[in-house]
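Understanding the architecture of this molecule
Residue-level listing of the chains:
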Amino acid sequence: MGIEYREITDEALLHAALELCYSILGENTRENELYSPSAFVERLGEYSPILLCACDAPPLVRVGGERPIAAVLGRPESADSLVMGLVACDEAYRRRGITRELVRRFDENAKSLGFKYITLGAADDAWGFYEKCGYSAIAEVHEQKIFQKVL
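Now for a look at the structure at hand. (Residues numbered from 1 in each chain as written. Predicted model: local features only at pLDDT ≥ 70, side-chain atom pairs only at ≥ 80, totals over all residues. Heavy atoms only, no water.)

A tally of regular secondary structure across the chain gives 5 helices and 9 strands. Reading the chain from its N terminus to its C terminus gives the helix and strand order β-α-α-α-β-β-β-β-β-α-β-α-β-β. The C-alpha atoms of the chain give a radius of gyration of 14 Å, which matches the 15 Å a tight globule of 151 residues would have. In the chain, which comprises 151 residues, the proportion classed as buried is 44%. Here the chain has roughly 8,000 Å² of accessible surface; of this, 49% comes from carbon and sulfur atoms. (Helix = DSSP H or I, 4+ residues; strand = E, 2+ residues; numbered from the N terminus. Rg over C-alpha atoms; globule rule 2.2 N^0.38 Å. Buried < 20%, exposed > 50% of the residue type's maximum accessible area, 1.4 Å probe, protein only. Areas by Shrake-Rupley, 256 points an atom, 1.4 Å probe, with all protein chains shown as cover.)

Following this line, the structure appears as structure tokens:
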């Protein structure tokens, strides 16, 4: 059994990835206009390369389709800048390199789309992870560090 890494290109998989993110990051995340389901649906197509998930291969099946085990979902901030907005991994799949591989693919896809840098905010329990992925802390705001990577 392996892991299948996918660009999210359809609404069913997007909604499943968002449910994973909201369940881990908190339901209040859903209420943020930038990270709402409708905002991500608008990003399908043109920005599918920065909407990524990992599923068990063969995929675990549930009512309504596949169940992502990890997701990295971004959004454009400007013509040059992306925000890595939602990053989550099911607890049972952590420490296997799955999210790190999604971040690597996210970075690669962002560069191929012509973006120059990626920014994200992270709570203290994730700081080391982003540093290992090549991101540098550039600021600290409200107990979060702001990380950035130049592509």
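There's more to say after this.
So, on to helix α1 (residues 11-25). Over its 15 residues, α1 runs 20 Å from end to end, which matches the ideal 21 Å to within 8%, given 1.5 Å per residue. Residues of α1 that are buried include every one of Leu13, Leu14, Ala16, Ala17, Leu18, Leu20, Cys21 and Tyr22, and no others. The opening residue of α1 is Asp10, an N-cap whose side-chain oxygen sits 3.2 Å from the backbone nitrogen of Ala12. Downstream of α1 by a residue or two, Gly26 has a phi angle that is positive, lying close to 110°. (Expected span 1.5 Å × (residues − 1). Polar contact = N/O pair within 3.5 Å; in protein donor to acceptor, adjacent residues only side chain to side chain.)

Another aspect to go through is a negative patch on the surface. Taken together, the side chains of Asp124, Asp125, Glu140 and Glu143 define an acidic patch exposed on the protein surface. Locating Glu140 in the fold gives a position in strand β8 (residues 136-141). (Patch = residues over 30% accessible without salt bridge, like charges linked within 9 Å, V, L, I, M, F, W, Y side chains within 5 Å. Salt bridge = Lys/Arg side-chain N within 4 Å of Asp/Glu carboxyl O. Lys, Arg positive; Asp, Glu negative; His and termini not counted. Charge placed at Lys NZ, Arg CZ, Asp CG, Glu CD.)

Topologically, Ser36 is positioned in the loop between α2 (28-31) and α3 (37-43). Since its relative accessible area comes to 11%, Ser36 is described here as buried. Excluding anything up to four places from it in sequence, Ser36 contacts Tyr22 and Arg30. (Contact = heavy atoms within 4.5 Å.)

Membership of the largest hydrophobic core comes to 27 residues, with the highest contact counts inside it found for Met84, Phe106, Tyr130 and Tyr135. Elements represented by at least two residues in this core include exactly β2 (51-57), β5 (68-76), β6 (81-89), α4 (98-112), β7 (117-122) and α5 (127-132). In terms of residue count, the dominant contributor to this core is α4 (5 residues). Beyond its immediate sequence surroundings of up to four residues, Tyr135 is in contact with Met84, Val103, Asp107, Ile118, Leu120, Tyr130, Phe147, Gln148 and Lys149. (Core = buried A, V, L, I, M, F, W, Y, C linked by side-chain atoms within 4.5 Å.)

Turning to α4, a few remarks are in order. An α-helix turns once every 3.6 residues. As a result, residues three or four positions apart point the same way. Between its first and last C-alpha, α4 extends 21 Å over 15 residues, near the 21 Å set by a 1.5 Å rise per residue. Residues of α4 that are buried include every one of Ile98, Thr99, Glu101, Leu102, Val103, Phe106, Asp107, Asn109 and Ala110, and no others. Just downstream of α4 lies Gly114, where phi reads positive at about 95°.

This part is about the pairing of β6. Of all the 9 residues making up β6, 8 are buried; the element is thus mostly covered by neighbouring parts of the structure. Taken together, the 7 bridges between β5 and β6 define a ladder with antiparallel strand orientation. Looking at the pairing, Ala71 lines up with Ala88 of β6. Turn length for the β5-β6 hairpin, with the two strands adjacent in sequence and antiparallel, is 4 residues. Here 3 bridges tie β6 to β7, and the two strands are oriented parallel to one another. Each bridged residue has a counterpart across the sheet, and for Leu82 the counterpart in β7 is Ile118. (Pairing = 2+ DSSP bridges.)

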